[in-house]
Amino acid sequence: MVLCPVIGKLLHKHVVLASASPRRQEILSNAGLRFEVVPSRFKEKLCKASFPTPSAYAVETAKQKALEVARRMHQKDLRAPDVVIGADTIVTIGGLILEKPVDKQDAYRMLSRLNGKEHSVFTGVAIVHCSDRDGRLHTEVLDFYEETTVKFSELSEELLREYIDSGEPMDKAGGYGIQALGGMLVEHVRGDFLNVVGFPLNHFCKKLAQLYCPPRPGDVRGAERDSIPAVDTFEDLSDLEGGGGSDPAWGGRGGRGGEEAGGAPPQAPGPRDADLNGAAEEKRPPFPTGLLELMEGFKASKALFTACKLNVFDVLRDQGPLKAVDIARKINASVCGTGRLLEACAALGLLHKTDAGYSNTEAADLHLVSDSAHSLHGLAVYNDSHVWDLFTHLDLAARDGAEQARGASGTKAERLFQSAETTLLFMRAMHGLSKLTARDVATAFDLSRFTSACDLGGCTGALAHELAREYPRLQVTVFDLPDVTEHARGFQPDGQRTEHVRFVPGDFFTDALPRAQLYVLSRVLHDWPDDRVHHLLSRISSCCEPGGGVLVAEAAAMEEEEAAAARRRGLQPLGLLLLGAGRPRSARELGQLLQRHGFRDVRVAPAGDLLRVVLGTRAAP
Ligand SMILES: Cc1cn([C@H]2C[C@H](O)[C@@H](COP(=O)(O)OP(=O)(O)OP(=O)(O)O)O2)c(=O)[nH]c1=O
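Residues numbered from 1 in each chain as written. Predicted model: local features only at pLDDT ≥ 70, side-chain atom pairs only at ≥ 80, totals over all residues. Heavy atoms only, no water.

Peer 1: How do you make sense of the overall build of the protein chain when you look at a structure like this?
Peer 2: Each helix and strand in the protein chain was counted, giving 24 helices and 18 strands. A buried classification covers 51% of the 621 residues belonging to the protein chain. A fraction of 70% describes how many contacts in the protein chain between residues 6 or more apart in sequence connect residues 24 or more apart. As presented, the protein chain carries roughly 29,200 Å² of accessible surface, and 53% of it is formed by carbon and sulfur atoms. (Helix = DSSP H or I, 4+ residues; strand = E, 2+ residues; numbered from the N terminus. Buried < 20%, exposed > 50% of the residue type's maximum accessible area, 1.4 Å probe, protein only. Contact = heavy atoms within 4.5 Å. Areas by Shrake-Rupley, 256 points an atom, 1.4 Å probe, with all protein chains shown as cover.)

Peer 1: Would you mind showing me how to read the nonpolar core here?
Peer 2: Across soluble globular proteins, nonpolar side chains have a tendency to be buried as a group. Ranked by internal contacts, the top residues of the largest apolar core, which has 48 residues, are Ile-85, Ile-127, Phe-152, Tyr-176, Phe-204 and Leu-208. Of all the elements, helix α7 (residues 201–212) adds the most residues to this core, at seven residues. (Core = buried A, V, L, I, M, F, W, Y, C linked by side-chain atoms within 4.5 Å.)

Peer 1: Just to check I follow, could you spell out the site of the ligand for this structure?
Peer 2: In the neighbourhood of the ligand, 21 residues make up the surrounding shell, with Ser-19, Ala-20, Arg-24, Lys-65 and Lys-100 lying closest. At a separation of 3.0 Å, an oxygen atom of the ligand approaches a polar backbone atom of Ala-173. When isolated, the ligand has an accessible area of 600 Å², and the protein chains bury 95% of it. Residue assignment for the shell around the ligand shows that the elements contributing at least two residues are α2 (22–30), β3 (83–93) and α6 (193–197). (Near = heavy atom within 4 Å. Polar contact = N/O pair within 3.5 Å; in protein donor to acceptor, adjacent residues only side chain to side chain.)

Peer 1: What exactly am I supposed to notice about the packing of aromatic side chains here?
Peer 2: Two aromatic rings, taken as a pair, are described by how far apart their centres are and by the angle between their planes. One pass over the full model with this rule turns up eight aromatic pairs. Between Phe-199 and Phe-204, the ring centres sit 5.0 Å apart and the planes meet at 70 degrees, which makes this aromatic pair edge-to-face. Residue Phe-199 is classed as buried on the basis of its relative accessible area of 0%. Residue Phe-204 is classed as buried on the basis of its relative accessible area, which comes to 0%. Relative to Trp-388, the ring of Phe-305 has its centre 6.2 Å away and its plane inclined at 85 degrees; by these criteria the two rings are edge-to-face. Of this pair, Phe-305 sits in helix α9 (residues 289–309) while Trp-388 sits in helix α14 (residues 377–391), placing them 83 residues apart in sequence. Using a relative accessible area of 27% as the deciding quantity, one classes Trp-388 as partly exposed. An aromatic cluster is defined as three or more aromatic residues linked by ring pairs; in this entry it consists of Phe-508, Phe-509 and Trp-528. Above the ring of Phe-509, the side-chain terminus of Arg-532 is found at 4.2 Å from the ring centroid. (Phe/Tyr/Trp six-rings, centres within 6.5 Å; stacked < 30°, edge-to-face > 60°. Lys NZ or Arg CZ within 6 Å of the ring centre and 35° of its normal.)

Peer 1: Sorry if this is basic, but what is going on with a positive patch on the surface here?
Peer 2: Together, Arg-41, Lys-43, Lys-45 and Lys-76 make up a region of like positive charge exposed at the surface. With respect to the secondary-structure elements, Arg-41 resides in the loop between β2 (36–37) and α3 (54–77). (Patch = residues over 30% accessible without salt bridge, like charges linked within 9 Å, V, L, I, M, F, W, Y side chains within 5 Å. Salt bridge = Lys/Arg side-chain N within 4 Å of Asp/Glu carboxyl O. Lys, Arg positive; Asp, Glu negative; His and termini not counted. Charge placed at Lys NZ, Arg CZ, Asp CG, Glu CD.)

Peer 1: Explain the pattern of salt bridges here, please?
Peer 2: Think of it this way: side chains of opposite charge can pair up when their charged atoms draw near. Evaluation of the coordinates by the stated rule reveals 24 salt bridges. In this structure, Lys-302 engages Asp-384 in a salt bridge whose closest nitrogen and oxygen atoms are separated by 2.7 Å. Of this pair, Lys-302 sits in helix α9 while Asp-384 sits in helix α14, and the two are 82 residues apart along the sequence. Linked by salt bridges that have partners in common, Arg-439, Glu-466, Arg-469 and Glu-470 make up one network.

Peer 1: I keep staring at a nonpolar patch on the surface and nothing clicks. Help me out?
Peer 2: A grouping of Phe-287, Leu-291, Leu-292, Leu-294 and Met-295 is seen on the molecular surface, where their side chains present a nonpolar patch of about 560 Å² in accessible area. The class of Met-295 is exposed, set by a relative accessible area of 53%.

Peer 1: When you look at the sheet that holds strand β13 (residues 475–480) in this model, what are you seeing that I'm missing?
Peer 2: Whenever strands of a sheet pair, they do so through backbone hydrogen bonds, lying parallel or antiparallel. Reading across the sheet, the seven strands line up as β14-β13-β12-β15-β16-β18-β17 and stay open at both edges, with mixed pairing between neighbours. If you trace the sheet from one side to the other, it starts and ends with β14 (501–505) and β17 (599–607), each paired once. Here the strands of the sheet are splayed against their neighbours by 20 degrees on average, with no regard to which way each runs. In this sheet, strand β15 (residues 518–522) lies alongside strand β12 (residues 452–456) in parallel orientation, the contact comprising three bridges. Looking at the pairing, Ala-453 lines up with Leu-518 of β15. (Pairing = 2+ DSSP bridges. Axes fitted to C-alpha atoms, helices over the stretch in contact; angles between N-to-C directions.)

Peer 1: Can you help me understand unusual backbone geometry in this one?
Peer 2: The phi torsion of most residues other than glycine is negative, and most of the peptide bonds are trans. Looking along the chain, the bond that leaves Gly-320 and enters Pro-321 is cis, with omega of 0 degrees. Counting through the fold element by element, Pro-321 comes out in the loop between α10 (312–319) and α11 (324–331). A positive phi angle, close to 60 degrees, is found at Asn-311, a residue other than glycine. Following the sequence through the fold, Asn-311 ends up in the loop between α9 and α10. Phi is positive for Asp-601, close to 50 degrees, though the residue is something other than glycine. Residue placement: Asp-601 occurs in strand β17.

Peer 1: I would appreciate a short explanation of the environment of Glu-296 in the present structure.
Peer 2: With respect to the helices and strands, Glu-296 occurs in helix α9. On a C-alpha basis, the gap between Glu-296 and Pro-52 in space is 9.7 Å, while along the polypeptide they are 244 residues apart.

Peer 1: I tried to follow the pairing of β12 on my own but got confused; where do I start?
Peer 2: Every regular strand shows the same layout, with side chains that alternate between the two sheet faces. By the criterion of burial, β12 is predominantly enclosed, with five of the five residues buried. Every second residue of β12 is oriented toward a common face, with Ser-452, Cys-454 and Leu-456 on one face and Ala-453 and Asp-455 on the other, all of them buried. Bridge analysis of β12 against β13 gives five bridges, and the strand direction is parallel. Opposite Asp-455, over in β13, you have Val-478 as the bridge partner.

Peer 1: Is there a simple way to explain the side chain of Thr-361 in this structure?
Peer 2: Here Thr-361 is to be found in the loop between β11 (357–360) and α13 (362–368). The contact partners of Thr-361, leaving out residues within four places of it in the chain, are Gly-349, Leu-350, Leu-351 and His-352.

Below, the structure written as structure tokens:
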């Protein structure tokens, strides 16, 4: 028997639970849902620091888990299920996200952190509705999250050790299972208990009600979007299904938890409800969490940039944990100002805060320290000092066009190569980004048939060195403006053979291109308008021997892509409007450009999260 009619709405659909969690399976099957279990293979390693809130991280992970299963099933059977459900549960305390412990020591660290304190448990959920359009998978995602607060008692060391020895913590976020032995650790819970166990059933049913039971005009009870329809509405619901009203109304919002910005658009405020006295009461719209986060987003970026600029992360890597007063002294800043900045960084998940003081998170150690192997410090400083300024003119650019906005600051090249200092600022930013993506670009295709390559606009040589490392027979020439090649020596990798990479100064629009079998254009074409792109590709085409190739890497959109990537790429046109005269191009358009210039067998492959790589082979003229 299905007690909840909204669950009944899914009975005739092929529903897949993209989760290996036995708890989720139990909660949903106890609720009467029929589904197939296909555990997701999505690796839960999104960069936590890149999310504005822990809930955003959980929601994105849930979404990626579900989308991975939808894509895999569609690819395998050429038919996707109707609905895929993904979920991700995390525990957060003091801005730190705790997932499943990797070993007993890790479990001990987590439980000690939670000991005697209150923490939050977030479960992000994604309901992915799939359809097939001409053999292509089409997905629509509705996501939300639920937060529950849990307070641990003061627990003895002995009890914690004993609990860890029971083995229960190992497959559970935060290292405990409230539904079993872990229940003994908990003093009180505020919110949905099942949310802690791994699935917020109540919120899920409300979402299903929004999707499958849209309110009828004038139906006051139906207009209450934040409630699950009661059993006595079952007949109404069946009517709706038969009457063509069963199409999911993707776009509902609300709930105790929240939804992420960029999800389905908010509904217009509902009709005025009548209260018990017959008086009309204004229906309150859902709280606009996502919008508020967007409005505050610039402050988060500025806090990160400022901490990078003041080398907070360098100091903490070398000497942390440190108290605010000591950090202030080391970075030569006021104690009060440093304290506020550190608080903000901890709230953003960039720093840990403990009784011993502040210390770097893993992401900060990896990416925000100025001299780490995967540093994005240069990018933060460049965005702060250069891009930030440009974006203050966005209104002017939108109103009067890019030229007006750039105004006195000149062309991109003029601005960037004004002085050795601005050139280096730009090169450090590009170096960090290129290193981050170089391996993915170098390995997107097997390039071992080439013995010479020329990386046009290859800047510091980060990609060139990766190509040379990956393909030992390959000799790589980096061709870039003299202002750039002059400073490139300072970026050469330590402890790696560098003799396979050489730098040649020149302008790829006017100077003779170095001879090579493979020409590489990584994140170059988006900077240029169509006429310049054609000019450059025709120059490459005339230098390239038949059988040679051209490899283009861009933040180009694929045909169908996940919402997070689309959101990230969606901001690119703004940057281009302000920074140069170029425009973003899709992978398909890049492929067509290569074909137009005599390249055949054009193929596209993803290179990590950010880039797409297009490879074409020069046909005989
Ligand atoms: C806090 C807490 C978590 N958990 C569980 C719920 C989740 O199964 C797990 C968090 O890990 P998740 O990564 O959310 O889920 P999972 O790895 O078990 O399954 P999948 O990724 O395939 O969906 O922790 C409990 O069972 N009890 C608790 O009290």
